[in-house]
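Below, each chain spelled out in residue letters.
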Amino acid sequence: MAIITISRGSFSRGKEVAEKVAKKLGYDCISRDILLDASGHFNTSEIKLVRAIHDAPSILDRFVQGKEKYITFFQASLLKYLREDNVVYHGLAGQFFVKGVAHVLKVRIISDIEDRVRCEMEREKISAEEAMRLIKKDDEQRRKWSHNLYGIDTADSSLYDLVIHIRKISVDAAADIICHAVASDDFKTTPQSQKTINNLAMAAEVKAAVFELNPNIEVSADDGIIRIRAKVHEAHRMTLENELKEAAKTVRGVKKTEVEMLPITLYTD
């Protein structure tokens, strides 16, 4: 049993590869499902979620936590699916949220720009020049997104266990390669790796539950013990601590919540 994340650019045929892998292995295949789940569970707009995980963050977003809120919701929903195991996820951000989980096979699918342009032209009925412009814009947005939020480039091959170029290697062959790789003992779920993703999923769900109370927080989990670090003005310290603990209790499996309050430092000239 394992988890497979497939990162791909637009029109690189990564979606086809993911679906074939899932069918061969009998795994669930998810992508847009996560957006629908998050928008329903957190009562927010699917359009805003789409923009949050696609568009590059603006300076304003980083100050008002607008984008971070929707990414928090998305992360909680994605990890809820992934903790169940036997899943193929294709789309942006998958590999960012499963760091340290040993039974995740991280794959990057790439293809020649000429092939991507041709697919875009056929789907949108547009010129080669317009197709090229749209693809380059999409690629740049994805790079900016990962760089601004995580300080990394999605095109960096060191982030992945496998990078497959769809050219001589067909979609079917790529799926076979992935299935062979994930069958290795290196990607089998162990009690420790399952504990790791369970902790990540619970921390993400708690963060989503308390985010509206204070976006300046870090959350970690260890077998139901939640630790929250929150930056707060001294005047709100006691009230916020109690509110965070009560909100965390609403998440299934939480046994205890520990809150560390960090003062917000105001700088003056």
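Up top is the structure.
All values derive from a computational prediction rather than experimental measurement.

### What about unusual backbone geometry?
Here's step 1: Despite not being glycine, Asp 85 shows a phi value in the positive range, around 75°.
Here's step 2: Residue Asp 85 is classed as buried on the basis of its relative accessible area, which comes to 6%.
Here's step 3: Positive phi values are uncommon outside glycine, yet Lys 125 reaches one of about 55°.
Here's step 4: Relative accessible area serves as the criterion here: at 71%, Lys 125 is assigned to the exposed category.

### Structural notes on the packing of helix α9 (residues 191–210) against helix α10 (residues 237–249)
Here's step 1: Running from amino to carboxyl end, α9 crosses α10 at an angle of 125°, the nearest separation of the two axes being 9 Å. It follows from the interaxial angle that α9 and α10 lie oblique. Helix-helix and strand crossings are classified by hand; for α9 and α10 the assignment is right-handed. Seen from α9, the contacting residues are Val 206, Ala 209 and Val 210; seen from α10, they are Leu 244, Ala 247 and Ala 248.
Here's step 2: Looking at side-chain class alone, the contact of α9 with α10 contains six nonpolar, no polar and no charged residues.

### Remarks on helix α1 (residues 14–25)
Here's step 1: When the terminal C-alpha atoms of α1 are compared, their 16 Å separation across 12 residues agrees well with the 16 Å that a helix rising 1.5 Å per residue should span.
Here's step 2: What α1 keeps buried is the set Gly 14, Val 17, Ala 18, Val 21 and Ala 22. Down the axis of α1, the sector holding all buried residues measures 130°, keeping them to one side.
Here's step 3: On its buried side, α1 packs onto β1 (3–8), β2 (28–30), β3 (87–90), β4 (104–111), β5 (162–166) and α8 (171–182).
Here's step 4: Taken from the residues just after α1, Gly 26 is the one with a positive phi, measuring 75°.

### A look at the pattern of salt bridges
Here's step 1: Applying the stated criterion to the full structure yields 19 salt bridges.
Here's step 2: Notably, a salt bridge pairs Lys 20 with Asp 172, separated by 3.2 Å at the nearest N-O pair. On the criterion of sequence distance, the pair formed by Lys 20 in helix α1 and Asp 172 in helix α8 is long-range, its members being 152 residues apart.
Here's step 3: Here Asp 222 makes a salt bridge to Lys 195, at a shortest N to O gap of 3.6 Å. A residue pair is termed long-range when its members are at least 10 positions apart, and Asp 222 in strand β6 (residues 217–222) and Lys 195 in helix α9 qualify at 27 residues.
Here's step 4: Judged by relative accessible area, Asp 222 falls into the partly exposed class, the value being 34%.

### Concerning the side chain of Lys 106
Here's step 1: Here Lys 106 lies in strand β4.
Here's step 2: For the buried Lys 106, which has no salt bridge, the nearest side chain bearing the opposite charge is Asp 161, at an N-O separation of 4.9 Å.
Here's step 3: Those residues in contact with Lys 106, other than ones at most four positions away along the chain, are Thr 5, Gln 95, Val 98, Leu 159, Tyr 160, Asp 161 and Leu 162.

### Considering the sheet that holds strand β7 (residues 225–232)
Here's step 1: With respect to topology, three strands assemble into an open sheet ordered β6-β7-β8, the strand pairing being mixed. Looking at the sheet topology across the chains shown, the edges are occupied by β6 and β8 (256–263). Strand-to-strand twist of the sheet, defined as the mean angle between neighbouring strand axes without regard to direction, takes the value 15°.
Here's step 2: Taken together, the eight bridges between β7 and β8 define a ladder with parallel strand orientation. Each bridged residue has a counterpart across the sheet, and for Val 232 the counterpart in β8 is Pro 263.
Here's step 3: Across the face of the sheet, α9 comes into contact with β6 and β7 while running at roughly 145° to β6.
Here's step 4: On top of the sheet, α10 reaches β7 and β8; it is set at about 150° to β8, its chief contact.

Thresholds applied
Residues numbered from 1 in each chain as written. Predicted model: local features only at pLDDT ≥ 70, side-chain atom pairs only at ≥ 80, totals over all residues. Heavy atoms only, no water. Buried < 20%, exposed > 50% of the residue type's maximum accessible area, 1.4 Å probe, protein only. Axes fitted to C-alpha atoms, helices over the stretch in contact; angles between N-to-C directions. Helix = DSSP H or I, 4+ residues; strand = E, 2+ residues; numbered from the N terminus. Parallel < 35°, antiparallel > 145°, perpendicular 65-115°, else oblique. Left-handed = near helix turned anticlockwise from the far one by under 90°. Contact = heavy atoms within 4.5 Å. Nonpolar A, V, L, I, M, F, W, Y, C, P; charged D, E, K, R; others polar. Expected span 1.5 Å × (residues − 1). Arc of directions from axis to C-beta. Salt bridge = Lys/Arg side-chain N within 4 Å of Asp/Glu carboxyl O. Lys, Arg positive; Asp, Glu negative; His and termini not counted. Pairing = 2+ DSSP bridges.

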